[in-house]
Each structure stands twice: as C-alpha cells, then as structure tokens.
Amino acid sequence: MTWNARTFFIPSFFSKGLNYYRNLKWYDWERYSARQETKMKMGGFVGEITFEGDIEPFMPILKAGEVLHVGKGTGFGLGKYKSAADLHG
C-alpha cells in the first residue's frame, strides 16, 4: 500500500482520540503558463485547522510539512502552512 496523508495521517489522528475544528475557505486564482500559452486555474484551501488532544506524536511530521509544503503546486508557493503549536505550547 502506498503511504499518503489520506490513508495514514488523517485516520491516525482519529484513532488517537484527537478532535479537530476547521475554518477553511476555497480560494481560486489563475496563473499564465508561457509553455502552454494559456491561463491555468489554481486554487486551494485557506484558513485554520485546530487540533484538540495529544498532538505531540504528530509534531515531527507537521513540522516537516512546514518546510516541505504539501500537495500540488508547491513550486508556486501552494501547500504552505504554519503551526502555532510552539506559540501555545
């Protein structure tokens, strides 16, 4: 089985008794592709997700995602997120 966030990461949150609250909105934008000579539709979620419970076992992968970014379009700055866990410690 191939590892991905959908099959491993999210179900693991639920099996550990974590709750989450989300305040997300879809944001659409376009970019021009010189190679394809057309506008490309891009988009993704913008907002906040708050986890409640013992998040510590997941912090290494969450912190790695802050550096690596996740999903499609990371070369265009998509997939970026910031953890506030260090602030609320």
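This structure is a prediction, so every number in the text was calculated from the model and none was measured.

### Overview of the overall build of the protein
Working step 1: A tally of helices and strands in the protein yields three helices and two strands.
Working step 2: Its helices and strands taken in sequence order, the protein reads α-β-β-α-α from the N to the C terminus.
Working step 3: Burial statistics for the protein: of 89 residues in total, 15% are counted as buried.
Working step 4: Total accessible area computed for the protein in this model is approximately 7,500 Å², and 57% of it derives from carbon and sulfur atoms.

### What about the environment of G73?
Working step 1: Checked against the element boundaries, G73 lands in the loop between helix 2 (59-68) and helix 3 (85-88).
Working step 2: Note: C-alpha distance between G73 and M42 (31 residues apart in sequence) is 8.2 Å.

### Notes on the confidence of the model for the protein
Working step 1: Put simply, the protein has an average pLDDT of 77, and 76% of its residues get 70 or more.
Working step 2: Under a pLDDT of 50 for its full length, residues 1-8 has, in the predicted model, seven contacts with residues more than four places off or in other chains.

### Quick notes on the side chain of E66
Working step 1: Relative to the elements of secondary structure, E66 occurs in helix 2.
Working step 2: At 2.4 Å, the side chain of E66 and the backbone nitrogen of S83 are in polar contact.

Rules of the game
- Residues numbered from 1 in each chain as written.
- Predicted model: local features only at pLDDT ≥ 70, side-chain atom pairs only at ≥ 80, totals over all residues.
- Heavy atoms only, no water.
- Helix = DSSP H or I, 4+ residues; strand = E, 2+ residues; numbered from the N terminus.
- Buried < 20%, exposed > 50% of the residue type's maximum accessible area, 1.4 Å probe, protein only.
- Areas by Shrake-Rupley, 256 points an atom, 1.4 Å probe, with all protein chains shown as cover.
- pLDDT = per-residue confidence, 0-100.
- Contact = heavy atoms within 4.5 Å.
- Polar contact = N/O pair within 3.5 Å; in protein donor to acceptor, adjacent residues only side chain to side chain.

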